[in-house]
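Coordinate inspection notes
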Amino acid sequence: MRAGAEMVTETTAESICEVGTTLGEGPIWVERDAALWFVDIKAPAVYRFEPISGTLDRWDAPDQTGWVIPTDDGSFLAGVRGGLHRFDPATGTFEHLAAVHPETPGNRLNDAARDPSGRVWFGTMDNAESDTTGHVYHWHEGALTKTDIPPVAITNGPAIAPDGRTLYAVDTLGKTISAYPVDADGSLGAPRVFLTVGPDDGHPDGAICDSEGGVWVGFFGGWAARRYAADGSLTDIVRFPVANITKIALGGPDGRTAYATTAAKGLDDEARAAQPLAGNLFTFRVAVPGVPVEPVTL
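Residues numbered from 1 in each chain as written. Predicted model: local features only at pLDDT ≥ 70, side-chain atom pairs only at ≥ 80, totals over all residues. Heavy atoms only, no water.

Concerning the packing of aromatic side chains
The test is simple: Between the rings of Phe, Tyr and Trp (Trp by its six-membered ring), a pair exists once the centres lie within 6.5 Å; its type follows the angle of the planes, with under 30 degrees stacked, over 60 edge-to-face, and the other angles tilted. Helix numbering and strand numbering both begin at the N terminus, where a helix is a DSSP run of H or I of at least 4 residues and a strand a DSSP run of E of at least 2. When a residue's accessible area, from a 1.4 Å probe over protein chains only, is under 20% of the maximum for its type it is buried; when over 50% it is exposed; and in between it is partly exposed. We call a charge positioned over a ring when the NZ of a Lys or the CZ of an Arg lies within 6 Å of the ring centre and within 35 degrees of the ring normal.
For the coordinates displayed, the defined rule picks out 15 aromatic pairs. Plain terms: the ring middles of Trp37 and Trp59 are 5.2 Å apart, the flat faces sit at 20° to each other, and that makes the pair stacked. On the criterion of sequence distance, the pair formed by Trp37 in strand β4 (residues 35-40) and Trp59 in strand β6 (residues 55-60) is long-range, its members being 22 residues apart. A relative accessible area of 13% places Trp59 in the buried class. When the centroid spacing of 4.7 Å and the interplanar angle of 25° are considered together, the rings of Phe87 and Phe94 count as stacked. The same class applies to Phe87 as to Phe94, namely buried. These aromatic residues form a ring-pair network of at least three members: Trp37, Trp59, Phe76, Phe87 and Phe94. The ring of Phe76 carries Arg32 above its face, with NZ or CZ at 5.1 Å from the centroid. Sitting over the ring of Phe219, Arg226 keeps its end group 4.8 Å from the ring centre.

These figures capture arrangement, not role.
Given below as C-alpha cells:
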C-alpha cells in the first residue's frame, strides 16, 4: 500500500491455470457450477475452470465468441460473431437466437453484463479494430434494442452498478469510460465522463462492478487491473507479469476471489518469450465481494 492523496492498495496476481489463450475474455463466476466460465475469442472456444479440482474443460465455438452468461434452463446465452446463441454445454451445441448488426459483417460481439432486471447489455466492435461501427445493445425477453450510445471502434463492458441504475461504457481506443444513468425501462440518460486513462496505463478493456459499486477494469497493454470507486477515484492496483489483462470476475465461496483473463494477442516473438504466462488465467484476493450473476431467462 502506498500513500498519496488517498490510500491505494497494491497487490500482485498469480497464474492459476495454464490456458495459453490467444484472446482470453468474458470471465464470469457461475455459482451453480462453483466454476469460472470464460472464452478465447480468437481461437474460438468456451472454457470452464473449477478451482477446487483444478479441472479445465473446453468446448469449440462455431465462430469468435465474446462471452457466455448462464440461463435458467442450465444452458448459456452466448455472444457469437453476428448474433446471440444458446450454448448447451451438455451437448456442445450452439443454437442461433437473434441476428446482431447483419449490416456490418466485419463486426463481432465483444463483452456483456446482466443487469438486476434481467437485461443483457453487450457491445459490438470492428473486428479490424479501426472503423467506428461498434454499438451497445440490450437484449430482454427476446427483444433486441440498440442504444443511443455513440458508436466506437471497440466497445467494452458495459459494466452495471449493483442497483442497475448506472451503466459504464468503455471506449477502448478512446481510452475513456462514460457513466450513463439507466431508467427502469432500460433507456439511458445523458452521460458523464467517469474515467480518462493516462498515456502510460494501457487501454481500458473489460469492466465489472462489485457489490459496493466499485468498477474493476482490466488494462490491455497496461500490465495491471485497477479498481475505481463510484466517484472515479483509484482504490486498487493489481500488477501482472503479463501485459494484456482483458477482464476481471469476482467469485469463489465468499465472492472475494478475483479471476482475470489475459491475452497473447499482439505480442511479437520477443514479447511472447518474455511473457510465457500470457494468455493464462490469473487470480488475486479482493476486499469487496462481487455481485452474484443471476441466470438469464431465454
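Structure's up, so let's keep going.
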